[in-house]
Amino acid sequence: MAKMLTRGLLCAVLGMSPVAMAQDAEPAAAQVKAPDADAVRDTWNYFYKAQGQGPVLVEAKVCTEVAKEGPNKYECTAEVGPEGIKAGTSVMLWQAYLVPQGDSVEDIMVQSKQGTVVRETKDVKIKGEGWRARQWTGLRLNKPGTWTVSVLRGDQVLKEIQVKVL
């Protein structure tokens, strides 16, 4: 009986401990550095007044998952790391752009190369409908080796990402 009482008391104490309570608490909001006023003004000016000047590629990631709902909707939720991926794994190039309001851009391409051999090129279309235009383009990296995934606009390379395929 004393043993059961001790166990019950121990469970109650552990259940009310700060460590246990901290695990149940909502995660604190991440601190985000506020941009300076000039950066905000430049962004506003670009979005509202730079029609015809093209998009700004802000981010690009090779991902295996993009969230379809929830707080991370349309975000890359599983980025391919330096350890690489298995050949044939479904991947996509997730991209985020700032596009001047009202603009429609249709001259962006996503290209995958294995070594120096171009394996696939896909057109990307984005519109300046909001502060952030996101797009994800499916890729086939079906052979082992070092691959390069590129975002191109005409002959200009906006971003290149190396991917190790096992």
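Below you will find a few notes about this structure. (Residues numbered from 1 in each chain as written. Predicted model: local features only at pLDDT ≥ 70, side-chain atom pairs only at ≥ 80, totals over all residues. Heavy atoms only, no water.)

## Details of the pattern of salt bridges
Our working rule: A pair is scored as a salt bridge if a Lys or Arg side-chain nitrogen falls within 4 Å of a carboxyl oxygen belonging to Asp or Glu. In this description a helix means any DSSP run of H or I spanning at least four residues, a strand means any run of E spanning at least two, and both kinds are numbered starting from the N terminus.
Summed over all chains, the structure comprises 7 salt bridges. A salt bridge links Arg-153 to Asp-107; the nearest nitrogen and oxygen atoms lie 2.8 Å apart. Note that Arg-153 is positioned in strand E7 (residues 145-153) and Asp-107 in strand E4 (residues 104-114), a separation of 46 residues in sequence. Two residues, Arg-140 and Glu-120, come together in a salt bridge whose shortest N-O distance is 3.4 Å. One end of the pair, Arg-140, is in the loop between strand E6 (133-139) and E7; the other, Glu-120, is in strand E5 (residues 117-127), and 20 residues separate them in sequence. Connected via shared salt-bridge partners are Glu-75, Arg-132 and Arg-134.

## Observations concerning the sheet that holds E4
Heads up, the rule is: When DSSP finds two or more bridges between a pair of strands, those strands are recorded as paired. Lines fitted to the C-alpha atoms define the axes, with helices restricted to the stretch that makes contact. Angles between their N-to-C directions range from 0 to 180 degrees.
If you walk across this open sheet you meet the 4 strands as E5-E4-E7-E8, and the pairing is antiparallel. Unpaired on one side and paired on the other, E5 and strand E8 (156-165) mark the two borders of the sheet. Direction aside, neighbouring strands of the sheet carry axes that sit 20° apart on average. As defined by bridge partners, E7 adjoins E8 across 9 bridges and the pair is classed as antiparallel. Looking at E8, one finds that Thr-148 is bridged to Gln-162.

Remember that the coordinates give geometry; whether it matters functionally is a separate question.
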